[in-house]
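Structure at a glance
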Amino acid sequence: MVKAEEDIGKVVIKDGRYKISGKFSIPEANQPIFNEDTGKLAGITNPRDMTYIHTYGGEAIFFESLAKGKLMASRCDNEKCEFKGTIHEPFRIYCPDCLRKATPIDITEKARKTAKVHSFIITARAGAFNSLKLPIKFINIEFEGVSTILMGYLSFGEPEMGLRVVPIFNTKNPTYTIVDLSWVPEGTAESELPEGFTF
Amino acid sequence: MSKPVYLATVGMSKFGRSFPETRTEELAIQALTAAADFVKMTPAELKSYIHTCYYGHFADHFGDQLLGEAVIHDRLGLDPLGNIGVKPGGATGGSAMWEAIKAVASGYSDCALALGWERMDEAPTDEGNHLISAAADKDWETPMGHIYTGYYAVMAQRYWKIFGKSEDSFRRTMAEVSVKNHGYARMNPYAQAPMKITVEDVINSPIVADPLRVLDCCLMSVGSACGIVCDEKTAYELTDNPLRIWIGAGSHTLRVADRRNMEIPLPPNEKVGQYDDLGTRFPGADRYPGFTSFLAARVAAYYAYNMTGIKDPCDDLDIVELHDAFTISDIQSYEDVGIRPYGEGRDYIESGDAYHTNPLTGKPGKLPSNLSGGLIGTMHAVGATGLMQIAEVGYHIWNRWDEIHEDPAKWKEFGREKPSDWTSLQVKGAKRGLAISHAGVGSHVTAAILMDPNHLLKED
């Protein structure tokens, strides 16, 4: 069901608390399930219209930065950490080794210059609530000097291991989710980018 | 473990894709009743021994019922015994047993029940796919397609390219896993997908995510299974023939993305330096565990082998049940648990060692795997899977596999036709076995070892 603009459930934080507006939890009557062969009742449907309210906490900077065309990662700068200097992407709020707060760093340029496909898969299937165009071309992206391998999706071209890719960002109509970050092969023309995305 | 732990009995329900007119508790009661039958007790008699209960049920959001464990516990008539639910993904069944074993080993309980179930038939398929994808990271993975297979299959792709070298021969070996496991499922009245198929059938089945096709993938199932573990005194009150049981556990990051490069930990049958040239033999394989191996499985097996004195799984074990979520991940797990070295998993199938009867020699396979039919041929009712595997390994060591799988009355009761060429898969003289319970992309893994108490490898 498509809701009218004023009915869309929205949430803001005011005075340190969530404040919600719009319509949530729209009820829909349950329906009986009959066995057509025996005519007997077997069960019922349980329709649910649910909206979760979720905080990004210390990761919010990562998702907000995507809308600004920036790819943020995190680095441990703790002098006493055995793994000081390790860069993580996915972004981590805390260093997993010393549990000290990690430093957010901008790796957009590093991604533009060194990102390549570590593995990939193409799938024509998706689950409910999917917003990506099918088939989805999942790719895993490695960067020079980064200890981990980020999952993403390719928006243009065909994936292959070792393919050089560059990040693109949904800066025009951001959803503030991970799908605001996508990837295209190095050298892709701006005209080939999906609607709303920029380099 | 401080006290020896014994597996006294096991039981399973029928497994199927859906049970539109059967509540979950009915399946759980089937499993516990089967466990009572197995030791020739009434359910009430068996229940009188139980002190603590561990319930494996992963996806409670499918059923829109939190505290489902309390529902099942009540319907099993086990109140007011203490109980708790565990839910680490595909490793839920093994993890429920892990908890039960620890309760007995510590001396806290003299008799603990591990019972698991799953039902994924109560949501439409698309919504079911979304609900499963919620087992990935909800911010970094789930929004991309809401399809867990996609997050998993990138690992398969990398293994396929690096270790399988994208060879047709490797593709056929993958398919052989499916042919084998669907074929063994034909001898199992509990099994959901018995099939007499060929390699070509697998290779020509519809693509899910290349290189994985429908017949490369495990089932989505409903059903229940259980096991009861005890201290020595209680075990011998329940049965004259309890088995010894141990379990190891390992973990790794929920997101494959977070897995950093590290040295390969070695089980007892591997040597320092043997992987120095792995990246040369298999270009691209110089990152461990990367996308090609499961550290959690290696660690779980490492602990289990050290607890039990296993030096080489192929020499010391007689039967294994592995987590064949996909044909390719089955091959990956041969390497993680030390059945074959990294890069050489395919040889376990190609040599015929993994079969009940080696197709190359006509002699017994060296270490038969997944004679139950596995997750590909029999079931993957997530919370019950690891317990089904433990039960199936146990039936072989008890030398009672035929009794459980042959009875025409059981085939009839389950509404399944017993094949005219039904063949016993009992592993003759089986004394020791392994069951691997594995979650998703390898976040949690348990390795259960079962042994005939008269054939231990190590003094307590």
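An account of the accompanying structure is given in this report. (Residues numbered from 1 in each chain as written. Chains lettered and ligands numbered in written order. Predicted model: local features only at pLDDT ≥ 70, side-chain atom pairs only at ≥ 80, totals over all residues. Heavy atoms only, no water.)

Looking now at the side chain of S178 of chain B. Residues and elements named next belong to chain B. Turning to its location among the elements, S178 is positioned in helix 8 (residues 168–185). Since its relative accessible area comes to 0%, S178 is described here as buried. A polar contact is formed between the side chain of S178 and the backbone oxygen of L215, at a distance of 2.6 Å. In contact with S178, other than residues within four places in its own chain, are G183, I197, V202, L215, T327 and I376. (Helix = DSSP H or I, 4+ residues; strand = E, 2+ residues; numbered from the N terminus. Buried < 20%, exposed > 50% of the residue type's maximum accessible area, 1.4 Å probe, protein only. Polar contact = N/O pair within 3.5 Å; in protein donor to acceptor, adjacent residues only side chain to side chain. Contact = heavy atoms within 4.5 Å.)

We now examine the nonpolar core. Grouped together as the largest cluster of nonpolar side chains are 154 residues, with contacts concentrated most on L71 and W183 of chain A together with L7, M97 and V229 of chain B. For this core, the element with the most residues is helix 7 (residues 148–162) of chain B, which contributes 10 residues. Once residues lying within four places of it in the same chain are set aside, the contact partners of L71 of chain A are F62, L66, E89, I105, D106, I107, T108, A111, F143, F169, L181 and W183 of chain A. Within the second largest apolar cluster, 25 residues are counted, among which are I50, Y55, I72 and A235 of chain B. (Core = buried A, V, L, I, M, F, W, Y, C linked by side-chain atoms within 4.5 Å.)

Bringing the packing of aromatic side chains into the picture now. By the definition in use, this model includes 24 aromatic pairs over all chains. With a centroid separation of 5.9 Å and 70° between ring planes, the pair formed by Y148 of chain B and Y151 of chain B is classed as edge-to-face. In this pair, Y148 of chain B and Y151 of chain B are both assigned in helix 7, three residues apart and thus about one turn of the helix distant. Accessibility assignment for this pair places Y148 of chain B and Y151 of chain B in one class, buried. Residues Y159 of chain B and F163 of chain B carry aromatic rings whose centres are separated by 5.0 Å and whose planes lie at 45° to one another, so their mutual orientation is tilted. The same class applies to Y159 of chain B as to F163 of chain B, namely buried. Put simply, the rings of Y56, F62, F63 and F91 of chain A together with W140 of chain B pair up and form one aromatic cluster. (Phe/Tyr/Trp six-rings, centres within 6.5 Å; stacked < 30°, edge-to-face > 60°.)

The relative placement of two packed helices is expressed as an angle between their axes plus a distance between the axes. All names here are of chain B. As a packed pair, helix 8 and helix 14 (residues 327–336) sit with axes 8 Å apart at the nearest point and diverge in direction by 95°. Classified by the angle their axes make, helix 8 and helix 14 are roughly perpendicular. Judged by residue contacts, F170, T173, M174, V177 and S178 of helix 8 engage T327, I328, D330, I331 and Y334 from helix 14. Grouping the constituent residues of the contact of helix 8 with helix 14 by class yields six nonpolar, three polar and one charged. (Axes fitted to C-alpha atoms, helices over the stretch in contact; angles between N-to-C directions. Parallel < 35°, antiparallel > 145°, perpendicular 65-115°, else oblique. Nonpolar A, V, L, I, M, F, W, Y, C, P; charged D, E, K, R; others polar.)

It is worth spelling out helix 4 (residues 68–75) of chain B at this point. All names here are of chain B. Looking at helix 4, one finds that the buried residues are G68, E69, I72 and H73. For helix 4, the buried positions fall inside an angular range of 135° around the axis, keeping them on one side. Elements in contact with the buried residues of helix 4: helix 1 (24–38), strand 2 (52–56), strand 3 (82–86) and strand 4 (111–118). Just downstream of helix 4 lies G77, where phi reads positive at about 70°. (Arc of directions from axis to C-beta.)

What follows concerns the interface of chain B and chain A. Contact residues are listed per partner, giving 36 residues for chain B and 46 residues for chain A. Between chain B and chain A lies a buried interface of about 3500 Å² when both sides are counted; carbon and sulfur atoms form 62% of it. When the buried surface of chain B facing chain A is broken down by residue, W140, M144 and R260 of chain B rank first, second and third, together holding 23% of it. Its salt-bridge partner being D258 of chain B, residue R92 of chain A comes within 3.2 Å of it at the nearest N-O pair. In terms of residue count, the dominant contributor to the side of chain B that touches chain A is helix 7 of chain B (eight residues). (Buried area = accessible area lost by both parts, 1.4 Å probe. Salt bridge = Lys/Arg side-chain N within 4 Å of Asp/Glu carboxyl O.)

All names here are of chain B. Within strand 10 (residues 432–438), seven of the seven residues are buried, leaving the element largely enclosed by the surrounding structure. Across the two faces of strand 10 the burial is the same, with R432, L434, I436 and H438 and G433, A435 and S437 all buried. Sheet topology note: the strand 9 (residues 319–321)/strand 10 ladder contains three bridges and is parallel. Directly across from V320, in strand 10, lies its bridge partner L434. Note that strand 10 and strand 11 (residues 444–451) share seven bridges and pair antiparallel. If you follow I436 over to strand 11, its bridge partner there is A447. Linking two consecutive strands that pair antiparallel, namely strand 10 and strand 11, is a turn of five residues; a positive phi of about 40° is found at G440 within it. (Pairing = 2+ DSSP bridges.)

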